[in-house]
Amino acid sequence: MSSRHFLDLADAGGDAIAAMIADAIDRKAARAGRARGQADADAPLAGRTLAMIFEKSSTRTRVSFDMAIRQLGGTSIVMDAGSMQLGRGETIADTARVLSRYVDAIMIRTDDHAKLTELAAHATVPVINGLTDLSHPCQIVADLLTVVEHGKALPGSVWAWLGDGNNVLHSIVEAAGLMKFAVRIGVPDGYDPDPAIVAAAVAAGADIRTVRDAAGAVAGADIVVTDTWISMGQAHADEKLAAMMPFQVDEALMARAKPDALFLHCLPAHRGEEVTDEVIDGPRSVVWDEAENRLHAQKSVLLWCFGLIG
Ligand code: CP
Ligand code: NVA
């Protein structure tokens with residue numbers, strides 16, 4: 001098996017991401033009726049071990065990757081960085097060298113993206129980005145899968161992002177460049193995404209526009225997506241919450257999107273802040289499918305890392 005890192009969506013590219021989505025749909029259907037802890041019939045990663053390092057909290061990423069590697073026939077070791085020597089100052093590079101002698105792949109959730117790239121530079125096994133302050137590519141594979149599963153074609157679709165210009169938005173913008181969809185970035189002034197990530201997607205042919213009013217951002221959108229206004233590691237700031245409030249996704253805002261628009265949220269949600277109960281619990285919300293699809297998408301990411309997809 002070959003081995004490659006999944007640090008951002010561009011590491012795979014558009015064709016491989018399309019293959020990951022197709023494989024996830026096939027695997028999901030093929031294991032219908034199996035117990036959740038039972039491996040897929042082909043158990044393609046039998047004998048493989050995934051180590052996971054968490055420097056930040058997680059529910060979905062932790063559990064979906066753990067179940068993903070089990071369903072592929074492998075096993076996992078889950079570590080909180082604080083209980084590792086990493087938390088006492090052992091370097092990322094040395095941690096990478098050591099873990100590469102024990103396990104077959106490493107997933108890390110951390111703050112500084114440079115820690116992820118440092119880990120990848122010194123690991124001899126695949127490294128997967130389980131979220132950094134800069135990006136969250138695994139989440140977006142699940143989001144793309146969810147949109148396709150709900151019958152929408154990615155090329156030419158219009159996504160409206162409301163709220164903070166954060167890590168999740170960065171990966172959506174990167175996906176737009178790879179899968180050729182449009183993004184309307186509805187963020188208040190001062191909270192824009194990284195301009196280099198936007199410029200790269202525009203250079204790749206994506207139609208990306210920043211729209212300073214929420215209603216303008218969602219007009220005609222196929223997908224409406226938001227995320228917490230205060231990401232992990234950020235200080236609570238009343239000023240930021242006040243700036244974000246006009247970008248809250250409520251029913252009146254959803255009514256401005258296309259009638260069949262889907263609502264996405266990576267979760268955890270802060271109900272009453274970035275989204276109202278009526279929207280997240282409403283008929284156009286697909287957030288629980290999206291959360292489930294973390295499992296199916298993460299299986300595709302793992303298979304791609306081992307050269308078994310794309
Ligand atoms: N969406 C997501 O990454 O969730 P967790 O923080 O629970 O892993
Ligand atoms: N933007 C959020 C995503 C959580 C899954 C954060 O970084 O906290």
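Okay, so let's go over this structure. Computed from a predicted structure; not experimentally measured.

**Quick notes on the environment of alanine 93**
Line of reasoning, step 1. Looking at where alanine 93 falls in the secondary structure, it is placed in helix α4 (residues 92-102).
Line of reasoning, step 2. For alanine 93 and lysine 115, which are 22 residues apart along the polypeptide, the C-alpha to C-alpha distance reads 9.0 Å.
Line of reasoning, step 3. In this view, alanine 93 contacts Glu118 and His122; residues no more than four positions away in its chain are not counted.

**Thoughts on the site of ligand 2**
Line of reasoning, step 1. All residues adjacent to ligand 2 are Leu131, Asn166, Asn167, Asp227, Thr228, Ser231, Met232 and Leu267.
Line of reasoning, step 2. Asparagine 167 is positioned with one of its side-chain polar atoms (N or O) 2.8 Å from a nitrogen atom of ligand 2.
Line of reasoning, step 3. Here an oxygen atom of ligand 2 sits 2.7 Å away from a polar atom, N or O, in the main chain of methionine 232.
Line of reasoning, step 4. With the chains in place, 95% of the 270 Å² that ligand 2 exposes on its own is no longer accessible.
Line of reasoning, step 5. Considered class by class, the residues forming the shell around ligand 2 number three nonpolar, four polar and one charged.

**Observations regarding the site of ligand 1**
Line of reasoning, step 1. Every residue near ligand 1 is listed here: Ser58, Thr59, Arg60, Thr61, Arg109, His136, Gln139, Cys266, Leu267 and Arg294.
Line of reasoning, step 2. One of the backbone nitrogen or oxygen atoms of threonine 59 is found 2.7 Å away from an oxygen atom of ligand 1.
Line of reasoning, step 3. Protein burial of ligand 1: of its 250 Å² of free accessible surface, 95% is covered by the chains.
Line of reasoning, step 4. Class assignment of the residues belonging to the shell around ligand 1 gives a composition of two nonpolar, five polar and three charged.

**Observations regarding the packing of aromatic side chains**
Line of reasoning, step 1. Summed over the entire model, instances satisfying the criterion amount to two aromatic pairs.
Line of reasoning, step 2. Each ring, one from phenylalanine 6 and one from tryptophan 304, has its centre 5.9 Å from the other, and the planes form 70 degrees; the classification is edge-to-face. Highlighted residues: phenylalanine 6 in the segment before α1 (9-12) and tryptophan 304 in helix α13 (residues 287-305), separated in sequence by 298 residues.
Line of reasoning, step 3. Accessibility expressed as a relative area gives 0% for phenylalanine 6, which makes it buried.
Line of reasoning, step 4. In this structure tryptophan 304 comes out as buried when scored by relative accessible area, which is 3%.
Line of reasoning, step 5. Where tryptophan 159 meets phenylalanine 181, the ring centres are 4.5 Å apart and the plane angle is 20 degrees; that geometry is what we call stacked.

Calculation notes
Residues numbered from 1 in each chain as written. Chains lettered and ligands numbered in written order. Predicted model: local features only at pLDDT ≥ 70, side-chain atom pairs only at ≥ 80, totals over all residues. Heavy atoms only, no water. Helix = DSSP H or I, 4+ residues; strand = E, 2+ residues; numbered from the N terminus. Contact = heavy atoms within 4.5 Å. Near = heavy atom within 4 Å. Polar contact = N/O pair within 3.5 Å; in protein donor to acceptor, adjacent residues only side chain to side chain. Areas by Shrake-Rupley, 256 points an atom, 1.4 Å probe, with all protein chains shown as cover. Nonpolar A, V, L, I, M, F, W, Y, C, P; charged D, E, K, R; others polar. Phe/Tyr/Trp six-rings, centres within 6.5 Å; stacked < 30°, edge-to-face > 60°. Buried < 20%, exposed > 50% of the residue type's maximum accessible area, 1.4 Å probe, protein only.

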